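Examination of the molecular architecture
Below are the chains, spelled out letter by letter.
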Amino acid sequence: MRSVKVSLGARSYEIKIASGGLAGLGGDCAALKLGQKCAVITDTNVNSRYAKPALASLKRAGFAPVLITVPAGETAKRLKQAESCFNQLAEHRLERKSFIVALGGGVVGDLAGFVAASYLRGIPFVQVPTTLLAQVDSSVGGKTGVNLAAGKNLVGAFYQPRLVLCDLSTFRTLPEREFRAGLAEVIKYGIIYDAELFAFLERALPKILRRDTTALAHIVARSCEIKADVVSQDETEGGLRAILNYGHTIGHAIEAITAYGRYLHGEAISIGQVAASHLSADLLGLPASEVARIRALFVAAGLPVSIKLNPTQRAKLLAAMTLDKKVSAGEIKFVLAERIGKVVWGQKVPAPAVHRALDLVSGSNPEP
Ligand code: NAD
Ligand code: GLY
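Residues numbered from 1 in each chain as written. Chains lettered and ligands numbered in written order. Predicted model: local features only at pLDDT ≥ 70, side-chain atom pairs only at ≥ 80, totals over all residues. Heavy atoms only, no water.

With that out of the way, let us pick up the site of ligand 2. Near ligand 2 the following residues occur: Asp-137, Lys-143, Lys-227, Glu-237, Arg-241, Leu-244 and Asn-245. Within the side chain of Lys-143, one N or O atom sits 2.9 Å away from an oxygen atom of ligand 2. The separation between an oxygen atom of ligand 2 and a polar side-chain atom of Arg-241 is 2.8 Å. Here ligand 2, which alone exposes 200 Å², has 88% of that area covered by the protein. Counted by class, the shell around ligand 2 contains 1 nonpolar, 1 polar and 5 charged residues. (Near = heavy atom within 4 Å. Polar contact = N/O pair within 3.5 Å; in protein donor to acceptor, adjacent residues only side chain to side chain. Areas by Shrake-Rupley, 256 points an atom, 1.4 Å probe, with all protein chains shown as cover. Nonpolar A, V, L, I, M, F, W, Y, C, P; charged D, E, K, R; others polar.)

A word on the pattern of salt bridges. Counted according to the given criterion, the structure contains 20 salt bridges. Put simply, Lys-16 and Asp-28 hold a salt bridge, and the shortest N to O gap is 2.7 Å. Residue Lys-16 is located in strand 2 (residues 13-18), and its partner Asp-28 is located in helix 1 (residues 25-31); the two are separated by 12 residues in the primary sequence. Across the pair Glu-176 and Arg-180 runs a salt bridge whose closest N-O atoms are separated by 2.8 Å. With a gap of 4 residues between them, Glu-176 and Arg-180 both fall in helix 6 (residues 176-193), about one helical turn apart. (Salt bridge = Lys/Arg side-chain N within 4 Å of Asp/Glu carboxyl O. Helix = DSSP H or I, 4+ residues; strand = E, 2+ residues; numbered from the N terminus.)

Another aspect to go through is the pairing of strand 5 (residues 99-104). The buried count for strand 5 comes to 6 of 6 residues, which makes it a mostly enclosed element. Summarising the sheet, strand 3 (residues 37-43) and strand 5 pair through 5 bridges and their orientation is parallel. The partner of Thr-42 across the bridge, within strand 5, is Leu-103. For strand 5 and strand 6 (residues 125-129), the ladder comprises 5 bridges, and the chain directions are parallel. Within strand 6, the residue paired with Leu-103 across the bridge is Val-128. Considered for its hand, the β-α-β crossover made up of strand 5, helix 4 (residues 106-118) and strand 6 is right-handed. (Buried < 20%, exposed > 50% of the residue type's maximum accessible area, 1.4 Å probe, protein only. Pairing = 2+ DSSP bridges. Right-handed = clockwise from strand over helix to strand, strands pointing away.)

So, on to the environment of Ser-84. Mapped onto the elements, Ser-84 comes out in helix 3 (residues 79-91). With 31 residues separating them in the primary sequence, Ser-84 and Val-115 have C-alpha atoms 9.9 Å apart.

Moving on, we come to the packing of aromatic side chains. Scanning the entire structure with this criterion turns up 3 aromatic pairs. For the ring pair Phe-63 and Phe-99, a centre distance of 5.2 Å and an interplane angle of 80 degrees mean the geometry is edge-to-face. Taken together, the positions of Phe-63 in the loop between helix 2 (44-60) and strand 4 (64-70) and Phe-99 in strand 5 put the pair 36 residues apart, joining distant regions of the chain. Judged on exposure class, the residue Phe-63 and its partner Phe-99 are both buried. Lying across the ring of Tyr-189, Lys-188 places its NZ or CZ 5.0 Å from the centre. Seen from the ring of Phe-179, Arg-211 lies directly overhead, with NZ or CZ sitting 4.3 Å from the centre. (Phe/Tyr/Trp six-rings, centres within 6.5 Å; stacked < 30°, edge-to-face > 60°. Lys NZ or Arg CZ within 6 Å of the ring centre and 35° of its normal.)

The next point concerns the site of ligand 1. In the vicinity of ligand 1, 25 residues are found, and the nearest of them are Asp-43, Glu-74, Thr-130, Thr-131 and Thr-173. One nitrogen or oxygen atom from the main chain of Gly-106 is found 2.8 Å from an oxygen atom belonging to ligand 1. In the environment of ligand 1, a nitrogen atom lies 2.7 Å from a nitrogen or oxygen atom belonging to the side chain of Thr-130. Protein chains bury 90% of the 870 Å² of accessible surface belonging to ligand 1 in isolation. Looking at the shell around ligand 1, the elements that each hand over two or more residues are helix 2, helix 4, helix 5 (132-138) and strand 8 (151-158).

Below, the structure is given as structure tokens:
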């Protein structure tokens, strides 16, 4: 078992990483002295695979869990779904000492975390992430929330879980496309923080794609360490935490103009990170050889690195970028790389440079 600590004073918590960790969920919750009643929030896909062992483990430890199942997919991350969860929690008389278990990918984690942050003005919650993206990113750091018609994640709270339990064996059932999309966030940690992790990914990619448990344990643990380190220094994104958004300004805009239906988040930020690398070469002198390594790693991971945009779509993309949460006083700020392993945030980027970067990712790669 690997363990990573997120250090946030009284709100510190542990990330446990192991194959088969789900069986210990009840015992882990008991050790935290959480109240007797709890609700497991999951989605329809994860329910059929992992709800039974999760509920069994909680019951063995003396808890009385109720199960709340939401539809699978991004559309569950909305206020109406949160309201339905609140009503079910109230019907089952969950009280202040009760707790919530978020069992699923980032959608379930963000929704259930938001529900936990708001119900009775906040009850404890535990993250049990079951996608690669959720284990390396969304379950750690306390960003919770739902989407509005106007955009993604526009309503939410910073609310930290009491524990993150990453069971690597849940990847056995994860669809290939979802797995590869999660790798985009792992590659991001290499670019923003850790050249050695980036080199490991270059070397070990075939093993990782075969879902070798040892390689997976390493990339999940190292990603969590990096995120924990960043979040411990800047929980509410006053500065440093922005580096986690490398490639996300263009990536989120790609998701928005394609109505969140064509690309998975990891796929969109793969293109976004390659575009940000071109911008970094243009504005900060990131060596061409490093841009080439970044692009090659995304390609090897089976992720898209280009997008065809006609002039109308390009104009929409630029407009979407100005709606992103990372816009401050009307200015889009980018995270740019000086070299693999070192980035700077808060970089103003002139519009012509964005166009040059978009030209460079407007190739003809196969689209997902
Ligand atoms: P997801 O939660 O939609 O899961 C992807 C799909 O895989 C779903 O269909 C789900 O039912 C299924 N699934 C989950 N685990 C499975 C398993 N083990 N086996 C088989 N199927 C499984 O998507 P995601 O990529 O995990 O998360 C994306 C969400 O995370 C987005 O809403 C994004 O905004 C959010 N996010 C949040 C943060 C944060 O810091 N809070 C960071 C990054 C992304
Ligand atoms: N996924 C970006 C963050 O947690 O800040």
